[in-house]
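Structural overview
So you can see what is in the structure, the chains are spelled out below.
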Amino acid sequence: MDKLEIRNLTKVFGRSPKRALKLLDEGKEKEEILQETGCTIGVNRATFEIYNGEIFVIMGLSGSGKSTVIRLLNRLIEPTDGSILLDGRDIMKMSAEEVREVRRKKMGMVFQKFALFPHRTVLENVEFGLEIQGVMKAERQEKAMNSLELVSLHSYADQKPDQLSGGMQQRVGLARALANDPDILLMDEAFSALDPLIRKEMQDELVDLQQRMKKTFIFITHDLDEAIHIGDRIMLMRDGTIQQIGTPEEILTHPANDYVKRFVKNVDLTHVITAESIMKPAESIIMGKDGPRVALKKMKENAIPTVVVTDRNRIVKGIVTAEGLKQALEQNLLLEDILVADCVTVSKDTPLSDLLVLMAESEFLYPSIVTNETGKLKGVIGRGALFSAFAGYGGEKE
Amino acid sequence: MDKLEIRNLTKVFGRSPKRALKLLDEGKEKEEILQETGCTIGVNRATFEIYNGEIFVIMGLSGSGKSTVIRLLNRLIEPTDGSILLDGRDIMKMSAEEVREVRRKKMGMVFQKFALFPHRTVLENVEFGLEIQGVMKAERQEKAMNSLELVSLHSYADQKPDQLSGGMQQRVGLARALANDPDILLMDEAFSALDPLIRKEMQDELVDLQQRMKKTFIFITHDLDEAIHIGDRIMLMRDGTIQQIGTPEEILTHPANDYVKRFVKNVDLTHVITAESIMKPAESIIMGKDGPRVALKKMKENAIPTVVVTDRNRIVKGIVTAEGLKQALEQNLLLEDILVADCVTVSKDTPLSDLLVLMAESEFLYPSIVTNETGKLKGVIGRGALFSAFAGYGGEKE
Amino acid sequence: MIPKIPLAEWIEWLVNWLQDHFDPVFQIIKNMIEPTVTFFTRILTVLPPLAMISILIFFILWLTQIWTAVLSLAGLLLIWNLGYWDESIQTLSLVLTSTLIAIIIGIPLGLWSGRNDRVQAFLKPILDFMQTMPAFVYLIPAVFFFSLGTVPGVIASVIFAMPPTIRFTSLGLRQVPIDLKEAAEAFGATTRQKLTKVEIPLARQTILAGVNQTIMLSLSMVVTASMIGAEGIGAVVLESITRLKVGIGFESGLAIVIIAIILDRLTQNLNQNRMETGSRHRQIPLLAKTRKWAAPVAVLTVLALTITSYAQSGVKRNEIKLIYVNWVSEEASTYTLKNILEKEGFPVKLIRVDAGPMYDAIATGNADAMLAAWLPTTGAQYYDRYKKDLVNLGVNLEKTRIGLVVPKYVNINSIEELASHKDQFDQKIIGIDPGSGTMLLAKETIKQYNLGMKLLEGSDAAMVAELDRAYKKKKPIVITGWTPHWMFLKYDLKYLDDPKKTFGEPENIYTIVRKGFKEDQPEACKMIDQFFWTTRDMEEVMLDVANGMTPDQAAKKWIEKHPNQVAEITAGVQKNK
Amino acid sequence: MIPKIPLAEWIEWLVNWLQDHFDPVFQIIKNMIEPTVTFFTRILTVLPPLAMISILIFFILWLTQIWTAVLSLAGLLLIWNLGYWDESIQTLSLVLTSTLIAIIIGIPLGLWSGRNDRVQAFLKPILDFMQTMPAFVYLIPAVFFFSLGTVPGVIASVIFAMPPTIRFTSLGLRQVPIDLKEAAEAFGATTRQKLTKVEIPLARQTILAGVNQTIMLSLSMVVTASMIGAEGIGAVVLESITRLKVGIGFESGLAIVIIAIILDRLTQNLNQNRMETGSRHRQIPLLAKTRKWAAPVAVLTVLALTITSYAQSGVKRNEIKLIYVNWVSEEASTYTLKNILEKEGFPVKLIRVDAGPMYDAIATGNADAMLAAWLPTTGAQYYDRYKKDLVNLGVNLEKTRIGLVVPKYVNINSIEELASHKDQFDQKIIGIDPGSGTMLLAKETIKQYNLGMKLLEGSDAAMVAELDRAYKKKKPIVITGWTPHWMFLKYDLKYLDDPKKTFGEPENIYTIVRKGFKEDQPEACKMIDQFFWTTRDMEEVMLDVANGMTPDQAAKKWIEKHPNQVAEITAGVQKNK
Ligand SMILES: Nc1ncnc2c1ncn2[C@@H]1O[C@H](COP(=O)(O)OP(=O)(O)OP(=O)(O)O)[C@@H](O)[C@H]1O
Ligand SMILES: Nc1ncnc2c1ncn2[C@@H]1O[C@H](COP(=O)(O)OP(=O)(O)OP(=O)(O)O)[C@@H](O)[C@H]1O
Ligand SMILES: [Mg+2]
Ligand SMILES: [Mg+2]
């Protein structure tokens, strides 16, 4: 279900938006228009949807209109043109009263430049949204404290923002938005000033919130890894226009144009492509039911050097190799005796880069087994498949 | 040569620094001291040096005192204790006049929160430092324009900072510091709001400046990759104290304590460890001088399956394998005919992760050859060496 | 050429029209302002000065730092020591009222204009108008509309003092960083919440600086306000200045300045307190911990004072308003009557004004009684005008006299002799202030008698000083004198005969009460009617005052020394309970 | 009890001491302020009003938007139309001078106090003092120190008006975000650079708001300043208000307001221009593109005007300063003399003051000549005092007269008859302002003749209005009249005989010049000496003025109509080149 539908959204800064739009239609560049009219194109006819409960990441060069889009979403700035439907209702047509309700209940925001209130303590800053909604003091203080604890700043509750470091201030901004518990969170480079440890924590928190509470996040970041890590879909912008929207994999594997390609050039695709996408269906035998012969037969039929052993529930037990089988037949050993249990087993969303390392550690002796969350067999990845994947996605390195 | 020597630098924010220091001596934690005295420990007896012409990166949790250190360096804030020697002279003992000279000529600064002058246009902002020094208008405008071009903002020269996006503002701050052309640049999260493309450009620019102009950079960042990429040495801070100082590799391979370990945990060491550190000396034969027999002999002597072929200047030509040699001897072929020229050849500072990909693409058929900048042979890396390196540094993945 | 636009006529017409048609509105305004001023005056005067100072200092101590309190204490004690306590309280009440009104109107207007460019553009010239249109111009209409007294004073102060509050509220609001406004909006703040929670706190410093200016300007209007009868220290300044007494002018001006400094410190502290919470306990070790009690205690105290004052005023409700003109002679009689009335249990309020307003006040019922009608000459112009609205109770002092006066040791007895002896007097007659009636008559005299002497101008005080100097050396001197005057008690003086009667006939001083006063307060009226004394009595009191007593003390002394006379005055009057 | 601190005495002593020992200092100050005011007045008056207005509007157009210019044009034309152009220019000069001084002193002080808490703490009470110590208090010493005129006016304005500039400069500086200050420091800015390049530009809005307040307050002091002889529109306001002419008071007050609004708009525009550069070309399509020429052209214009005015004043160097008292009669004679002198090539400057200062000015040499010495009665007090420093050139108008006046159609001829006919006049005599000598004499008359009539107070204008009304209906009316007065020309009137001479003997009007004038300007002095005319002549001029002409026009008209008389006056005088 679409949470937000954005249609034809346009924002031109400056005194003569009409003229700028005309020039835009004539195919002029953003910078030319700036020179000619003094108007800056913020967003240029953007049309897209944001689904309920997703983490929607916006990326793009600096000045490409990301912040402008996000501020248009909660109508902090009025668009030059276009409409935004929130749960089917046009935000642009709402009365001031309704917009206020939306901002209070449905949309929280973390600002790129923090925008903390210097006259309020950290706690009072975090309380702000609740105070606005008329929540009682005790209750809102409690909620705010919880929110502060989430960003580990509870011991600074009584300080003023200007006594905090940049990263701490950003976290206060984060806590302030979270305290409100809105459906949609607009986060404008919300993690940019955080150190890696806290950033990781925050990312996890975000994903957790999304999964547990089905919240929707619209998240601007400059960190591709972060985008790929937490984003369900990524939108790439340039000079106000949308270049591509898609899942991280789509964007990485099928960049829509040169700009996107250049943008993702430095990403090691192998961190993104998962085991699932290159695994092959696995031939397996069931322990206790099938014997070495069945295994051998399967190997021969499929011309493969190993076969996976599962139990009756398809829970993986290990693999057997052709040599092992030969040995078993020769020495009449049981399947258990020749079972290789310490082969590499990964879940289906393990990135290739990790897989490679794991397999390298085991010297590529056996193929990797891919399982789902419950440990059931999903497929296998042989050395060859892995290598050819790398040959395809390895990215250009300098 | 030491550019800066920092001795016992201490900064306590708040009304009773003495008491705070005493508690600190008693081993209290930063947060405890805050609760008890209302004082915040900014920096706690930091002693370190910064060498001439290096990129010195400071990292650490948010609130760990990085910005405070950097602001102490140019005496924007007065330390509670300690001394800072710049080229052997104590900054703390300088007169206001001298400090001003230092700030004008020797130290530039990029602020974490940009600190652009809202009443000046972008160009005027960038001119500021030169204007202060009394540079003539035409000259300083030219320099400022150059600086702006460096950050690709020349077309916004006449706008006011508040008309720019966050990243653009950060670049203006960058240009402002660069225009001054100081010996030492203090950069407080100077790239945090930049998109990946521009960030890469800026990083390269930085390294370039360092190498061409022998400038010294003190660079705060939260991006470990960036730190490793551009940093000559990294200092890790926590709660105002220095945890470790060292080259990226030192820090990654020998973290001083648990905190550092946790901090670098997520770094894929294979991005950092270079080919040089795991290569073996290569057995080689010289094309045109040695023949297949020599090669075979060397193989046998050293029990290796391949041998590298170079010309007389040790420029690598390719490798020959045992099978190839056998074939040559059997069919009386020349060395040229069995030479494998398309084997993986890398420079000695290629990270292992890249190497792995390259070798995987070539299906680990041959070992990789490591050369120096001029293409001379330095060593080889066999499959086994690579795999065991991965087993050692591969990092913990979840 | 375009003819001159008859703006003046239009305005005069407008003023008349307003006077005719808007009276009810003006009455409503008056009825709102007057009680407020009275309220402040009442609660501030319910306790004796030193007690009041203690209470005030206690609160200042609570609100601010110790040394502000010390400074304020010193200032208030100085005011009290200089003897301007009551006047200062009246001034303070006036200023508090105007400031209050200016803030109540000004801050909303400022907020509005801070958020709306059109309003700002509209208000700007009006504010300019308010600040630069000379107060004198609208004070006259203000008197037409509100009659003399505190009310037009307050209104003039508000008009002059309000603009800074509006301007700086607007400016402050416009200086709030836009991203913080946006942040508030993004959380769904209503316009009102944005104002109260973000904009006003952030603009606070600028707004308070504006309010501070409003207080200052309103204090600077105190003297102007006193020109139209507003009571307080301004009247003292005005009086001293018209008498060229720079010293007293400065003294009383200083009282205004002290009030200003205290109010300034208070608003300033209000400002800082909010700016840096939590961390200033080192500076106020004294009462900081009990600060949370300040508000409730303040409310209770004010309540208590209010109740007390209004309880007292329950008794005082039919207070007798004695009005008098600003002459030493009338001061003496009025204070004496006041003390007699009070001894008999009648509460009295004194009002000091110029001659015109005195008659006006009785005629309009704004005051009850006066002892200062010099008739038939001096007060004639006013008396004739208001005659039908006055009740004349008859003479309270007979035979005032004006003439040329010499010490008894001088050997001439008539003005006619003077011409031939003028060299003895250096050909000089020592006069008083140029404008006074006495001087005009003296000039006439010189002409009529062909004296060929020079009439020196100066002041009452200067003349007496000159007399004193000559008297000590037994030098001949001739001065313009009048009875009653205390100098006749202090020195042996005599009038020179005036055969041509150029100084006119002797006058009597009459007691006048308002219509209906007799019915309202028969006992008091009887006593006022029976008040009668001689120039000698009056001079006794005046002499004591001239020697440094307060009028009250001098009056009490006279009452003590003349029990019989007092008995006559109070004869047949029932004491008030 | 502690005795009263003798503060008043100390102050009086201090004032005397300063007067005795610091005179050179005061002279230096005076010599700095006076030329500045003169400078402004000169360059603003060198061209006729309409030309000057054009130039001003042209510059306003350059500095601001079109509609500000339109507004200013309307305002200036209104001032001109109402006839307050010259006075407004004087006021403007005074205000510009005080504002300039206030800014020159105030901004550095403000900057200092903005950067230093100790200075701020020290200045605060002083600023409070400056704003709240009533101007009246220090105006008197100011007169002692600087003598009457513009200088003490400027000083009083500066004292009262400077505090906002200091306060808001300080506040503005304190509000500059600390991180921007740090940024400036990090680039090695000196304290001065930090101030000029970062702090002041960022505090600009607040500082200008303070300056704006300074301008407003300085304009609000204009009337007060005029009380001590500062020329300008304030004097008009004061005059009209003492005569209770609300309309004229408002009109002239409006001129002040118009100046205020224009100055406000200008400072405000200065403010905005800097705030949003580059992007306002849509609002000022007119002269924006030539804006860069504004500064040089302005400098050139001012230079040209300055040179012209000083070149003119090169001729005018020995300008004759005619001083006159603020009565219509003296206005007529002085303007006539002025025009005659000018016709003969002698530059003249007119100074209008109160009676006392007029004599004072001649005696001290601050003015050259006056035609307004009513002797022996009216001006006696002053004349006697300064006699030894004056040169009396003899009578210029004979037989002025005061008395009761009736229209000729009234059938009585003597005051004695009046008593029995008083019902015919509703028992009323129409008088003028209560304080005037005429009224005192009229009262005396009523008493002496036992008329039993009521003397109505009002004003000259009101009396004439009343007369006009009665005259048209041929109703009997009796008024207090004096000659010369234009009403005698307009209406057929007669004096009632005054057998008891209560109105005194007729006076003559004398011409008086300063000592040494004859030697300095023998030709002009001769002409002034020869100036002589009759009440009828004077009344002619006065009537024209009363009918709406300016005094200058009326004087010129008279000169044209009476060539013979003028010839007599100028007989034997060499024309000035
Ligand atoms: N002006 C100040 N007043 C009081 N405390 C301060 C002030 N500035 C910094 N601090 C405190 O000093 C400590 C170090 O701050 P600093 O800004 O150096 O951190 P940082 O390492 O730069 O963090 P970040 O990565 O978040 O920018 C923090 O705990 C902060 O609260
Ligand atoms: N208030 C404004 N006035 C004029 N132009 C503006 C304004 N705000 C943004 N712009 C312009 O709009 C364009 C888009 O700005 P925006 O802030 O959306 O960029 P962004 O994608 O968020 O960049 P960044 O990653 O640097 O934050 C920029 O070119 C900027 O100059
Ligand atoms: Mg942005
Ligand atoms: Mg920092």
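- Where an unreviewed UniProt entry is consulted, chain C appears under the name Glycine betaine/proline transport system substrate-binding protein, with the organism given as Croceifilum oryzae.

- Under an unreviewed UniProt entry, the name given to chain A is Quaternary amine transport ATP-binding protein, and the source organism is Croceifilum oryzae.
- Recorded under Subcellular location (unreviewed entry), the UniProt text for chain A is reproduced unchanged: "Cell inner membrane".
- The Sequence similarities (unreviewed entry) field of the UniProt record for chain A holds the comment "Belongs to the ABC transporter superfamily."

1. So, the coordination of the magnesium ion (ligand 4)
Residues and elements named next belong to chain B.
- For the magnesium ion (ligand 4), every protein donor is listed as S67 (OG) and Q112 (OE1), and the spread of their distances is 1.8 to 2.2 Å. Taken as a pair, S67 in helix α3 (residues 66-73) and Q112 in the loop between β6 (107-110) and α5 (122-132) lie far apart in primary sequence, 45 residues in all. Across the pair, exposure class does not vary: S67 and Q112 are buried alike.

2. Concerning the pattern of salt bridges
- Summed over all chains, the structure comprises 79 salt bridges over all chains.
- With a shortest N-O distance of 2.6 Å, R7(A) and E5(A) are connected by a salt bridge.
- Taking the shortest distance from any N to any O, the salt bridge between K3(B) and D183(B) comes out at 3.9 Å. Of the two residues, K3(B) is situated in strand β1 (residues 2-13) and D183(B) in the loop between α7 (166-179) and β7 (184-188); the sequence distance between them amounts to 180 residues.

3. So, the site of ligand 2
- Every one of the 23 residues lining ligand 2 counts as a neighbour, but K66(A), S67(A), T68(A), S165(B) and G167(B) are closest to it.
- With respect to ligand 2, the chains having nearby residues are chains A and B.
- Between ligand 2 and G65(A) there is a distance of 2.9 Å, counted from an oxygen atom to a backbone nitrogen or oxygen.
- Here an oxygen atom of ligand 2 sits 2.5 Å away from a polar atom, N or O, in the side chain of S67(A).
- Within the complex, 88% of the 630 Å² of free accessible area of ligand 2 lies under protein.
- Elements represented by at least two residues in the shell around ligand 2 include exactly β2 (40-51) and α3 (66-73) of chain A together with α7 of chain B.
- Considering only residue class, the shell around ligand 2 consists of five nonpolar, 14 polar and four charged.

4. Notes on a positive patch on the surface
- Judged by side-chain charge, K428(C), K454(C), K473(C), K475(C), K387(D), K388(D) and K515(D) come together as a positively charged surface patch.
- Position of K428(C) relative to the elements: it lies in strand β5 (residues 428-430).

5. Brief notes about the pairing of β1(B)
Residues and elements named next belong to chain B.
- Pairing analysis gives eight bridges linking β1 to strand β2 (residues 40-51), with the strands arranged antiparallel. From the neighbouring strand, L9 faces β2, where its bridge partner is A46.
- In this sheet, strand β4 (residues 81-86) lies alongside β1 in antiparallel orientation, the contact comprising five bridges. Bridge pairing in β4 links R7 to S83.

6. Side note on the site of ligand 1
- Around ligand 1 sit 22 residues in total, of which Q163(A), S165(A), G167(A), S67(B) and T68(B) are the nearest.
- The environment of ligand 1 is shared, with nearby residues belonging to chains A and B.
- The separation between an oxygen atom of ligand 1 and a polar main-chain atom of G63(B) is 2.8 Å.
- S67(B) places a polar side-chain atom, nitrogen or oxygen, 2.5 Å from an oxygen atom of ligand 1.
- Its free accessible area being 620 Å², ligand 1 has 88% of it covered by the protein chains.
- Elements with a minimum of two residues in the shell around ligand 1: α7 (166-179) of chain A together with β2 and α3 of chain B.

7. Describing the coordination of the magnesium ion (ligand 3)
- Around the magnesium ion (ligand 3), the donor atoms from the protein are S67(A) (OG) and Q112(A) (OE1), and they sit 1.8 to 2.2 Å away.
- A residue is classified by how much of its surface remains accessible, and Q112(A), at 17% relative accessible area, is buried.

8. Some words on the UniProt feature "domain: ABC transporter" (unreviewed entry) in chain A
- The sites that carry the UniProt feature "domain: ABC transporter" (unreviewed entry) are, in the present numbering, residues 21-264 of chain A.
- Secondary structure content for residues 21-264 of chain A is 45% helix and 21% strand, while the C-alpha to C-alpha distance between its ends is 30 Å.

9. Notes on the sheet that holds strand β6 (residues 107-110) of chain A
Residue and element names in this part refer to chain A.
- An order of β6-β7-β8-β3-β9-β10 is seen for the six strands of this open sheet, with the pairing classed as mixed. Bordering the open sheet on either side are β6 and β10 (241-246), each of which pairs with just one other strand. With strand direction ignored, the average angle separating the axes of adjacent strands in the sheet is 15 degrees.
- Alignment of strand β3 (residues 55-60) against strand β9 (residues 233-238), held across five bridges, turns out to be parallel. Residue F56 lies in a different strand from β9, and its bridge partner there is R233.

10. Quick notes on the environment of I381(A)
All names here are of chain A.
- Its location among the elements puts I381 in strand β16 (residues 377-381).
- On the basis of relative accessibility, which here comes to 0%, the residue I381 falls in the buried class.
- Beyond its immediate stretch of four places on either side in the chain, I381 contacts A275, I278, M279, L355, M359, P367, S368, V370 and L386.

Definitions and limits used
- Residues numbered from 1 in each chain as written.
- Chains lettered and ligands numbered in written order.
- Predicted model: local features only at pLDDT ≥ 70, side-chain atom pairs only at ≥ 80, totals over all residues.
- Heavy atoms only, no water.
- UniProt positions renumbered as here; feature names shortened; annotations may be inferred.
- Donors = N, O, S within 2.8 Å, 3.2 Å for Na, K, Ca; no water.
- Helix = DSSP H or I, 4+ residues; strand = E, 2+ residues; numbered from the N terminus.
- Buried < 20%, exposed > 50% of the residue type's maximum accessible area, 1.4 Å probe, protein only.
- Salt bridge = Lys/Arg side-chain N within 4 Å of Asp/Glu carboxyl O.
- Near = heavy atom within 4 Å.
- Polar contact = N/O pair within 3.5 Å; in protein donor to acceptor, adjacent residues only side chain to side chain.
- Areas by Shrake-Rupley, 256 points an atom, 1.4 Å probe, with all protein chains shown as cover.
- Nonpolar A, V, L, I, M, F, W, Y, C, P; charged D, E, K, R; others polar.
- Patch = residues over 30% accessible without salt bridge, like charges linked within 9 Å, V, L, I, M, F, W, Y side chains within 5 Å.
- Lys, Arg positive; Asp, Glu negative; His and termini not counted.
- Charge placed at Lys NZ, Arg CZ, Asp CG, Glu CD.
- Pairing = 2+ DSSP bridges.
- Axes fitted to C-alpha atoms, helices over the stretch in contact; angles between N-to-C directions.
- Contact = heavy atoms within 4.5 Å.

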